[in-house]
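# Observations on chain architecture
Next come the chains, spelled out residue by residue.
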Amino acid sequence: MPAPGKDPATLPDPGGAGTRAAEAPLVLRVTGVAKAFPGVQAIRTASLEVRRGEIHALVGENGAGKSTLIKVVTGAHRPDRGTVELNGRPVRISDPRDALHAGVAAIYQEFDLIPALSARENLFLGREPRHRLDVREERRRAREVFDRLGIAIDPEALVRDLPVAHQQLVEIARALLADARLLIMDEPTAALTPREVETLFGILADLRRREIGILFISHRLDEVFHHADRVTVMRDGATLGTWPLPELTREALIEKMVGRPLEAEFPKVRAAAGVARLTVRGLRGGRVREATFAARAGEVLGIAGLVGAGRTDLVRLIFGADRPEGGTVLLDGQPVTIRSPWDAIRRGICLLTEDRANQGLVLGLSARENFALPNLGHWSRVGWIAEGRERAAFLHYVESLNIRVAGPEQAARHLSGGNQQKLLVARWLESDSRVVIFDEPTRGIDVGAKYEMYLLINDLAARGKAIVMISSELPEILGMSDRVLVMHQGRITGEITDVAGATQEQVLELAVR
Amino acid sequence: MNAFSRFLSQYGMLFVLLLLCVFFSLATLREQHPAGAGAARALERQIVAAAAPDGAHAGAAVLIAARAGEADLRFARELARRLAARGRPAAAVVTGDPAALREALESFAGAGRDLLVATLETDAPIVRGVLASFPALTATPILTPPAHRWPTFLLADNLRNVANQIAVIAILAIGMTMVIVTGGIDLSVGSLIALAAVVTAGLIGHLGGEAATAGGMLLAGAAAIGICALIGSFSGLMITRFAVPPFIATLGMMQVTSGIAYILSQGKPIYRVPDGLVTLGRGTEPLLGLPYAVLMMAGLYLVAHLLMSRTTLGRYVYAVGGNAEAARLAGVRVRAVQMFVYVTCAALAGLGGVVMASQLKSGAPTYGLMYELYVIAAVVVGGTSLSGGEGRILGTLIGAFIIAVIQNGMNLTNVESYTQKVVLGLVILGAVLLDRMKHRGLGRRRAAH
């Protein structure tokens, strides 16, 4: 364990003079915190300072200890060692109420809102009775805080009827009402559209002017570089240091996170595409009004578009997850009828959903069982499973895909995002699908795992499979696809064949036309 | 903490069951007076020794006195057989009430011959009372089998009783475990018991009544199970096709089924069945004396355990309960799996109804009342989570036995029935608490990642 004094994050910031908030007093100081759980040293040593009026990004691979660190600050976990100081005073927070009293508000990916209550009721929930206001007063103050944030939300609208972005803003408004001095956000942009992300950072910039310290976790390096003042990097349960952002290049940041230099962000291998494996003609249903395209053997077909353009609906129709209203699907030239995912899987189509936790994995089952679910027929006779062969097959993939599991019986919920995704890839590799559809293959997974995922996609294409890849990250679409389709309002509005020469602006233009 | 919670979750309930057995064994430790064939064995030696030429009552005539109950008859017959085999046949065997004994003794009172009465400890005071009314016989010795200290709870008869009484609930709990693992619930099982019992008894009535053949009875039972499976498929259809919540769908079917049972039986018990019907419910196999119902229960548990742990279908059941949408997108035919569990659950409830009709030698629409709650309790006490996705068949067996042992133990220790309800309720709450603790442990580990 390094002595706390040698930890770079506790040293005076060498580049601080160049940042806006250089002289501002600290709102949060974490010194030498360590935290272990049974069997896991989640944080070895972490130190971190957030100043008043700064936007501070916390980055690192999954499992680096970012979430645990945040939970130590908000009192959800008690540190084994080290101290947490807020506004210059050591504090011991034991629950979210304490945290609010101490001026800390945390917004997690799952919001702490009650869906069946209105925005106003949620804003004033949990206040002591003596602070209770009458409804009119509450409504007035709700309007006031929404106005201050520059957002148009009806205080009486039920939270469950609000879009995700607005729900998040209700949480921010609640933090403002509680007079929070430190706002902590865990991957605030993961579920937002690009426009909503801009709105959110506009509001955060406004909060920064009000001297509020903001600490956010993000996997999207673009937004870290665009919006954060400083960044703290965590790796393997330790903070490596804090850097003012203008001084750091993207490559340097990635290297710090991964711990080794990366050759390129996208290891694309371009190969000659073969015959059409998947042909879709006039498919419609859900948001999809009409879609006609073909995906060829050995190619990665990217599908770009805004959230809500119908990309996910399209692949769900192909996979049989939803019933199409019309259209035909051909596999290797043969028309096929697909009424359910079961049909699709038998015919060699597989889908890696964007929402791994809810639509990909059965989290309570073991990694092995999740891997085996659609493939049980490979190791069973009249329904009787040969468990030894099943386990051997799984261990083969654990090794070849470098899946980090404690063992085949580890519950899927305990795997990191990247390893969960690899587990699903292993599942569909074993099922030997001809068409592999990825919906946001790298959402929520860290830089190192992203790279490995790209290598896997290359590998699948090299085996002659047709890959369809939906992604909201334009660099990823352009970096990994051989051909790109752009969707807008349920239709395919454009195709880019010269991907290497295309720009993000070109794609965006097609996506909003 | 980790190892401890794992131990609790895997073996906790077995441990609780053993503890309960030890507790009730100690609480019911008392003087035991043998009965039945065992008593005859013990008494044979005493009588032969006493009536031997050099014994205390050399040459005395032996009179065996017993009541007319099943165990008493077994005692009397076995003792008579054994004495005859030893060349000292009993002079008389009296089975029945004190009047019959008095009648038999009258002939001995006049004969002036030495007499020895062999009887059970429980009947000795009555025999003594009757002897007192014959002046010539007041000194007649009464021999009873020797007593020994042993827990009433652990008597073979009692253990057999525990197993036999829980058999119906335990059989139903198999299907209920599968349903609950998929994240559902089936409230109609109690009514299905009644319907199956009524259909069984009613059909036997049509197939010859008291004169029905074994084949007829089998046919009636199979038909009852088939009808229950059909009703289960209807519940399954409501749940899978029309997305009616299982609680509501089976609540409705619970009323419908119960109503049908009342209509079919016109609200009255059906007794027109042959004696042979009780073989399944009360009969025991000759080797170890295990009741057939218990053997069947054990067999079903073995099959269900293998099904749930070693087959693709079992794996799908867990997957559907863990996350139905993820399972569907992994190619599991979720509706077929749900259909399977509801049909299986209903068919097993039907089998439970047949067993109950056999145990009670009749069919009535009042059977199985509130059984769904006992069955669910057994499943929950056995460690299956009501939120679905986890649970073990053998855990349910343990859960059923915990309930049976507590009920039986409280009966033996004379706890009144009102108090029994309170205790059983607390046991169920305790089991759920244990389940929550287990989950909190999981939550803590999840937070580490």
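Note that the structure is a prediction, hence the values are computed from the model and not measured. (Residues numbered from 1 in each chain as written. Chains lettered and ligands numbered in written order. Predicted model: local features only at pLDDT ≥ 70, side-chain atom pairs only at ≥ 80, totals over all residues.)

### Remarks on the overall build of chain A
Scanning chain A from terminus to terminus reveals 17 helices and 22 strands. In summary, chain A has a C-alpha radius of gyration of 24 Å against a globular reference of 24 Å for 513 residues, a match within 12%. Counting only C-alpha atoms and orienting by the principal axes, one finds that chain A spans roughly 70 × 55 × 50 Å. Relative to its 513 residues, chain A shows a buried fraction of 47%. A sequence separation of at least 24 residues applies to 70% of the contacts in chain A between residues at least 6 apart. (Helix = DSSP H or I, 4+ residues; strand = E, 2+ residues; numbered from the N terminus. Rg over C-alpha atoms; globule rule 2.2 N^0.38 Å. Buried ≥ 20, exposed ≤ 12 C-beta atoms within 10 Å, placed from the backbone. Contact = placed C-beta atoms within 7 Å.)

### Remarks on the overall build of chain B
Broken down by element type, chain B carries 17 helices and 6 strands. Dimensions of chain B, computed from the C-alpha atoms along their principal axes, are close to 90 × 60 × 40 Å. Looking at the 449 residues of chain B, the share that counts as buried comes to 43%. Expressed as a percentage of contacts within chain B between residues at least 6 apart in sequence, the contacts between residues at least 24 apart total 77%.

### Description of the pairing of strand β10 (residues 238-244) of chain A
Across the 7 residues of β10 of chain A, 5 count as buried, placing the element largely inside the fold. Turn length for the strand β9 (residues 230-235) of chain A-β10 of chain A hairpin, with the two strands adjacent in sequence and antiparallel, is 2 residues, and the turn residue aspartate 236 of chain A shows positive phi of about 50 degrees. (Pairing = 2+ DSSP bridges.)

### Thoughts on the domain arrangement of chain A
If you check the domain split of chain A, you get domain 1 (4-103 + 180-258), domain 2 (274-348 + 435-449 + 466-513) and domain 3 (356-432). If you average the C-alpha positions of domain 2 of chain A and of domain 3 of chain A, the two centres end up 26 Å apart. (Domains from an automatic or database assignment.)

### Here we look at the sheet that holds strand β5 (residues 142-143) of chain B
Residue and element names in this part refer to chain B. In space, the 4 strands of this open sheet follow the order β3-β2-β4-β5, with parallel pairing throughout. Two strands bound the open sheet, and with one partner strand each, they are β3 (92-95) and β5. The sheet contact formed by strand β2 (residues 61-66) and β3 spans 4 bridges and is parallel. Counterpart to isoleucine 64 in the pairing with β3 is valine 93. Together, β2, β4 (115-118) and β5 form the strand contacts of helix α2 (residues 36-51), whose direction differs from that of β4 by roughly 175 degrees. (Axes fitted to C-alpha atoms, helices over the stretch in contact; angles between N-to-C directions.)

### Some points on the packing of helix α6 (residues 156-181) of chain B against helix α11 (residues 292-310) of chain B
Residues and elements named next belong to chain B. As a packed pair, α6 and α11 sit with axes 9 Å apart at the nearest point and diverge in direction by 30 degrees. In terms of orientation, α6 lies roughly parallel with respect to α11. Crossing handedness for the pair α6 and α11: left-handed. Residues Ala163, Asn164, Ala167, Ala170, Ile171 and Ile174 of α6 form the contact with α11, whose participating residues are Ala293, Val294, Met297, Leu300, Tyr301 and Ala304. When the residues that make up the contact of α6 with α11 are grouped by side-chain class, the tally is 11 nonpolar, 1 polar and no charged. (Parallel < 35°, antiparallel > 145°, perpendicular 65-115°, else oblique. Left-handed = near helix turned anticlockwise from the far one by under 90°. Nonpolar A, V, L, I, M, F, W, Y, C, P; charged D, E, K, R; others polar.)

### A few points about the interface of chain B and chain A
Every contact between the two is made by 26 residues of chain B and, on the other side, 30 residues of chain A. For the side of chain B that touches chain A, the element with the most residues is helix α12 (residues 312-322) of chain B, which contributes 6 residues. In the side of chain B that touches chain A, the residues fall into 10 nonpolar, 8 polar and 8 charged.

### Re the packing of helix α8 (residues 214-241) of chain B against helix α9 (residues 246-265) of chain B
Residues and elements named next belong to chain B. Where α8 contacts α9, the two axes come as close as 9 Å, and the packing angle between them is 150 degrees. With respect to α9, the axis of α8 lies roughly antiparallel. Two packed elements cross with a definite hand, and for α8 against α9 that hand is right-handed. Residues Ile231, Phe234, Ser235, Met238 and Ile239 of α8 touch α9, and the partners they reach there are Pro246, Ala249, Thr250, Met253 and Thr257. Across the contact of α8 with α9, the residue classes tally to 7 nonpolar, 3 polar and no charged.

### Describing helix α14 (residues 417-430) of chain A
Residue and element names in this part refer to chain A. Taking 1.5 Å per residue, 14 residues should reach 20 Å; α14 reaches 20 Å between its end C-alpha atoms and fits that length. With respect to burial, α14 is a largely interior element, 13 of its 14 residues being buried. Aspartate 432, located one to two residues past α14, shows a positive phi value of around 55 degrees. (Expected span 1.5 Å × (residues − 1).)

### Quick word on the domain arrangement of chain B
Considered domain by domain, chain B is made up of domain 1 (36-146) and domain 2 (153-447). Measuring from the centre of the C-alpha atoms in domain 1 of chain B to the corresponding centre in domain 2 of chain B gives 47 Å.

### A short note on unusual backbone geometry
All names here are of chain A. In this structure, valine 382 is a non-glycine residue whose phi angle is positive, near 40 degrees. In the Ramachandran plot, glutamate 440 falls in the positive-phi region, its phi being about 50 degrees despite a non-glycine side chain. Mapped onto the elements of the fold, glutamate 440 is located in the loop between β19 (435-439) and α15 (447-462).

### Remarks on the pairing of strand β22 (residues 491-496) of chain A
All names here are of chain A. Here strand β21 (residues 483-488) runs beside β22; their pairing, made up of 5 bridges, is antiparallel. Within the sheet, the bridge partner assigned to methionine 487 lies in β22 and is isoleucine 492. Linking two consecutive strands that pair antiparallel, namely β21 and β22, is a turn of 2 residues; a positive phi of about 45 degrees is found at glutamine 489 within it.

### Here we look at the environment of histidine 305 of chain B
All names here are of chain B. Relative to the helices and strands, histidine 305 resides in helix α11. Separated by 89 residues in sequence, histidine 305 and leucine 394 have C-alpha atoms that sit 6.7 Å apart. Those residues in contact with histidine 305 that lie beyond four places of it in its chain are Ile393 and Leu394.

### Some thoughts on the environment of leucine 330 of chain A
Residues and elements named next belong to chain A. Secondary-structure assignment places leucine 330 in strand β14 (residues 326-331). For leucine 330, a count of 15 C-beta atoms within 10 Å corresponds to the partly exposed category. If we ignore the near neighbours within four places in the chain, the residues touching leucine 330 are Thr279, Pro335 and Val336.

### Concerning helix α7 (residues 189-206) of chain B
The end-to-end C-alpha distance of α7 of chain B is 25 Å, a good match for the 26 Å that 18 residues give at a rise of 1.5 Å each. Positive phi shows up at glycine 208 of chain B, right after α7 of chain B, with a value of about 125 degrees.

### Side note on the confidence of the model for chain A
Per-residue pLDDT for chain A averages 86, and the proportion of residues at 70 or more is 93%. Counting interchain partners and residues more than four positions distant, the pLDDT-below-50 stretch residues 1-21 of chain A has 39 contacts. (pLDDT = per-residue confidence, 0-100.)

### Some details on the environment of valine 307 of chain A
All names here are of chain A. Following the sequence through the fold, valine 307 ends up in the loop between β13 (300-305) and α9 (311-319). Judged by local crowding, valine 307 falls into the partly exposed class, with 14 C-beta atoms found within 10 Å. Along the backbone, valine 307 and threonine 193 are 114 residues apart, and their C-alpha atoms lie at a distance of 6.1 Å. Residue contacts for valine 307: discarding those within four places in its chain leaves Thr193 and Ser472.

### Notes on the confidence of the model for chain B
Residues and elements named next belong to chain B. The predicted model of chain B averages 88 in pLDDT, with 94% of residues at 70 or higher. Low pLDDT, under 50, characterises residues 443-449; the stretch is placed with 11 contacts to residues that sit more than four places away or in other chains. Here the predicted complex carries an ipTM of 0.79, next to a pTM of 0.77.

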